[in-house]
Amino acid sequence: MSEPLKTFVGGAEVEVPNSIPAIRDALPEVRREEFDRAINDAGVHEIQAVMRHWMLEAVPDPEAERILDRLAADEAERRTVA
């Protein structure tokens, strides 16, 4: 088994899942089907990039989520004004 990968979220060091089953388990249930499709569709030259993408998706980042929520709210407000 490989050494766990780590990153920083909000200044705290957190482990990042680094296998297909671990990534899948760390994702919210509603995202798992999309993950399965992405992994199953990835060719040998894309699999590492696909795994990196989903590894980071599996690590919750409250600050990033707040930014995305604010951007979505701003966009929704812009659409109602236009």
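Conventions and cut-offs
- Residues numbered from 1 in each chain as written.
- Predicted model: local features only at pLDDT ≥ 70, side-chain atom pairs only at ≥ 80, totals over all residues.
- Heavy atoms only, no water.
- Helix = DSSP H or I, 4+ residues; strand = E, 2+ residues; numbered from the N terminus.
- Rg over C-alpha atoms; globule rule 2.2 N^0.38 Å.
- Contact = heavy atoms within 4.5 Å.
- Areas by Shrake-Rupley, 256 points an atom, 1.4 Å probe, with all protein chains shown as cover.
- Lys, Arg positive; Asp, Glu negative; His and termini not counted.
- Charge placed at Lys NZ, Arg CZ, Asp CG, Glu CD.
- Core = buried A, V, L, I, M, F, W, Y, C linked by side-chain atoms within 4.5 Å.
- Buried < 20%, exposed > 50% of the residue type's maximum accessible area, 1.4 Å probe, protein only.
- Salt bridge = Lys/Arg side-chain N within 4 Å of Asp/Glu carboxyl O.

Draft legend 1. Region of interest: the overall build of the protein. In terms of regular secondary structure, the protein is built from four helices and two strands. Here the C-alpha radius of gyration of the protein, 16 Å, is well above what a compact globule of 82 residues would show, namely 12 Å. Dimensions of the protein, computed from C-alpha atoms along their principal axes, come out at roughly 55 × 35 × 25 Å. If you take every contact in the protein between residues at least 6 apart in sequence, the share linking residues at least 24 apart comes to 43%. Carbon and sulfur atoms provide 54% of the accessible area of the protein, an area that totals close to 6500 Å². Averaging the positions of the 10 positive and the 18 negative side-chain charges in the protein gives two centres separated by 2 Å.

Draft legend 2. Just the nonpolar core, in detail. Of all hydrophobic cores here, the largest spans 13 residues; its most connected members are Ile23, Leu27, Phe35, Ile39, Val50 and Trp54. Elements represented by at least two residues in this core include exactly helix 2 (29-41) and helix 3 (47-57). Counting residues per element, this core draws most heavily on helix 3, at four residues. Setting aside residues no more than four positions away along its own chain, Leu27 makes contact with Arg32, Phe35, Trp54, Glu57 and Ala58.

Draft legend 3. Structural detail: the pattern of salt bridges. Taken as a whole, this structure holds six salt bridges when the rule is applied. Taking the shortest distance from any N to any O, the salt bridge between Glu34 and Arg31 comes out at 3.2 Å. Residue Glu34 and its partner Arg31 are located together in helix 2, separated by three residues, close to a single helical turn. Here Glu34 falls in the partly exposed class, since its relative accessible area comes to 36%.

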